Amino acid sequence: MTFAPPRTAVLALGTFAVGTSGYVVAGLLPALTGELGVSETAAAQLVTAFAIAYAVGSPLFAAVTGRWERRTLLVTALVVTAIGNALAALAPGYVTLLLARVVTAIGAAVFTPAASAVAAELTSPERRGRAVALVFGGLTVATILGVPLGSVLSQSVGYQAVFALVAAFSLLGAFAVRMVLPAVPAPPPVRLAERFTVARDPRVLAMLAATVLGCLAAFSVYTFISPVLSATAGVHGTTVSLLLFVYGAGGALGNVLGGRAADKWGAKGPLLVVFGGITVVLALLPLVATTVAGAAVGLFLWGLATWSVNPPIQHRLIELSSQNAGLLLSLNASAIYLGVGLSGLVGGAVLSGGGPLLLPEIAAVLTALGAAVVVAGWRSRVKQPALAE
């Protein structure tokens, strides 16, 4: 099939909706703590609940819906995401909000890997990295626009209205996918057992582990960015929201560059460069972000490096077995949100025990480990039959 930007663009619109659904809590943290009367650590568990439900649900629901026509699957997933956000808007308290986040995660867990696989199918191999990067770019735009706008709006209209707007946008995404995307046949059926069998390949394990470590590092800091910036630059409220825009702008550029770099040089070199870059930026963030200007530079570079990671990882997974692309990308999606989910626990523990300035330093150690995992994965020569072309 030929590369079709409008079709890929509507998939990116959908990932923007589910990405905002997943990440918006970081921008709503002050509003949630104030309106719900809970601590920052407890509010961050709304991220953890979403992420763990996503990580567990992605391979499970991919197996259950394996024979669904892809357009129908994508539309249904966005509708479920909309329902979850609507329930969050109506939730009367913390526990019901937690449950609503789980419903939202189910829709997101189905949509993101399926959208990436469809994008890969709708384009030629030499442009696959850019196509996947464009779809994944919807998640990047969620950090540029969705999270900061949610933060700004929550200060005036409350977090419930923000969830209601995300629900409406999810429905808009479902409509756009239904109208623009052609019918896409389901891939060959893959049993649930096979979905875990492919993860025995050490090269796949290395990419999944690198994804977990990268996301754990990123979101341990990003989820608690308000207390981090308060401690370093002494900023709050609208200034934090503006700095989140700067981070997202860097992320958007990084996502594009990551896809292009993977197409041009393969995955290994770009991955080592960006993991090294993230490690340096995070280690220096407490020293750089002592003023608003310094924080803007630090967050831009951090976003640039962080969001350059996933396109080459997905490129590598597809390279290992294009016929299992949907399967491998669903496992990678689980790895992403496993890292995000653990970040709420790890970040909360570090925040409580060592304070916000320790968060970037711990994250830098995690990304250094990610680089080591990438190197170890490339040295492996074992190839499992499940991944044979």
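Residues numbered from 1 in each chain as written. Predicted model: local features only at pLDDT ≥ 70, side-chain atom pairs only at ≥ 80, totals over all residues. Heavy atoms only, no water.

You'll find the chain entered in an unreviewed UniProt entry as MFS transporter, with Amycolatopsis coloradensis given as the organism. The Subcellular location (unreviewed entry) field of the UniProt record for the chain holds the comment "Cell membrane". (UniProt positions renumbered as here; feature names shortened; annotations may be inferred.)

**Student:** Break down the overall build of the chain for me, citing the residues and quoting the values.
**Tutor:** From N to C terminus, the chain includes 15 helices and 0 strands. Its C-alpha radius of gyration of 19 Å places the chain within 12% of the 21 Å reference for a compact globule of 389 residues. Taken across its 389 residues, the chain has 59% of its residues classed as buried. Of the contacts made within the chain by residues no fewer than 6 positions apart, 87% connect residues no fewer than 24 positions apart. (Helix = DSSP H or I, 4+ residues; strand = E, 2+ residues; numbered from the N terminus. Rg over C-alpha atoms; globule rule 2.2 N^0.38 Å. Buried < 20%, exposed > 50% of the residue type's maximum accessible area, 1.4 Å probe, protein only. Contact = heavy atoms within 4.5 Å.)

**Student:** Mind laying out the nonpolar core, listing which residues take part and the relevant values?
**Tutor:** Of all hydrophobic cores here, the largest spans 113 residues; its most connected members are Leu74, Leu271 and Trp302. The leading source of residues in this core is helix α8 (residues 202–222), at 14 residues. Here this core spans two domains, and each of domain 1 (1–189) and domain 2 (190–381) adds at least three residues to it. In this structure, Trp302 is in contact with Ala218, Val221, Tyr222, Ile225, Tyr247, Ile278, Val281 and Leu282, ignoring residues within four places of it in sequence. (Core = buried A, V, L, I, M, F, W, Y, C linked by side-chain atoms within 4.5 Å. Domains from an automatic or database assignment.)

**Student:** Would you mind going over the packing of α8 against helix α13 (residues 310–320) in detail, with residue names and values included?
**Tutor:** Helix-helix packing is described using two parameters, namely the angle between the two axes and the distance between the axes. Where α8 contacts α13, the axes come no closer than 10 Å and their chain directions differ by 165 degrees. Judged by the angle between their axes, α8 and α13 are roughly antiparallel. When you trace α8 past α13, the crossing you get is left-handed. Listed contacts from α13 to Arg203, Val204, Met207, Ala210 and Thr211 of α8 are Ile313, Arg316, Leu317 and Leu320. Grouping the constituent residues of the contact of α8 with α13 by class yields 6 nonpolar, 1 polar and 2 charged. (Axes fitted to C-alpha atoms, helices over the stretch in contact; angles between N-to-C directions. Parallel < 35°, antiparallel > 145°, perpendicular 65-115°, else oblique. Left-handed = near helix turned anticlockwise from the far one by under 90°. Nonpolar A, V, L, I, M, F, W, Y, C, P; charged D, E, K, R; others polar.)

**Student:** Just give me the short version of the packing of aromatic side chains, but keep the residues and values in it.
**Tutor:** Considering all chains together, one arrives at 6 aromatic pairs under this definition. When the centroid spacing of 5.7 Å and the interplanar angle of 80 degrees are considered together, the rings of Phe219 and Tyr222 count as edge-to-face. Of this pair, Phe219 and Tyr222 are both found in helix α8, 3 residues apart, which corresponds to roughly one turn of the helix. For Tyr222, a relative accessible area of 2% gives the class buried. Among the aromatic side chains, those forming a connected cluster through ring pairs are Phe219, Tyr222, Tyr247 and Trp302. Positioned above the aromatic ring of Trp378 is the side chain of Arg316, whose terminal nitrogen or guanidinium carbon lies 4.2 Å from the ring centre. (Phe/Tyr/Trp six-rings, centres within 6.5 Å; stacked < 30°, edge-to-face > 60°. Lys NZ or Arg CZ within 6 Å of the ring centre and 35° of its normal.)

**Student:** Break down the domain arrangement of the chain for me, with residues and values.
**Tutor:** Taken as a whole, the chain is organised into domain 1 (1–189) and domain 2 (190–381). When each unit is reduced to the centre of its C-alpha atoms, the spacing between domain 1 and domain 2 is 18 Å. With both chains or domains summed, domain 1 and domain 2 bury close to 4,000 Å², and 69% of this area falls on carbon and sulfur atoms. The interface formed by domain 1 and domain 2 includes 0 salt bridges. Seen at the junction of domain 1 and domain 2, the total is 2 residue pairs in polar contact (both at pLDDT 80 or more). Those elements that provide at least two residues to the side of domain 1 that touches domain 2 are α1 (5–36), α2 (40–64), α4 (94–121) and α5 (128–157). Here the side of domain 1 that touches domain 2 takes 19 residues from α5, the largest share from any one element. Its residues assigned to classes, the side of domain 1 that touches domain 2 comprises 31 nonpolar, 11 polar and 5 charged. (Buried area = accessible area lost by both parts, 1.4 Å probe. Salt bridge = Lys/Arg side-chain N within 4 Å of Asp/Glu carboxyl O. Polar contact = N/O pair within 3.5 Å; in protein donor to acceptor, adjacent residues only side chain to side chain.)

**Student:** Give a description of the side chain of Ser343 that names residues and reports values.
**Tutor:** Mapping Ser343 onto the fold places it in helix α14 (residues 325–354). A polar contact of 2.4 Å, which involves the side chain of Ser343, links it to the backbone oxygen of Val340. Residues in contact with Ser343, not counting those within four places in the same chain, are Leu216, Phe219, Ser220, Thr223, Phe224 and Gly348.

**Student:** Describe the environment of Asn85, listing the residues and the values that go with them.
**Tutor:** In this structure, Asn85 sits in helix α3 (residues 70–90). The class of Asn85 is buried, set by a relative accessible area of 0%. With 19 residues separating them in the primary sequence, Asn85 and Thr104 have C-alpha atoms 6.1 Å apart. Excluding residues within four positions of it along the chain, Asn85 makes contact with Ser21, Thr104, Phe163, Val166, Ala167 and Ser170.

**Student:** I'd like a description of the pattern of salt bridges, backed by residues and values.
**Tutor:** Inspection of the entire model under this criterion finds 2 salt bridges. The salt bridge partner of Arg203 is Asp201, with a shortest N-O separation of 2.6 Å. Of the two residues, Arg203 and Asp201, both sit in the buried class. Between Glu319 and Arg316 there is a salt bridge whose closest N-O contact spans 2.9 Å. Here Glu319 and its partner Arg316 are both found in helix α13, 3 residues apart, which amounts to about one turn of the helix.

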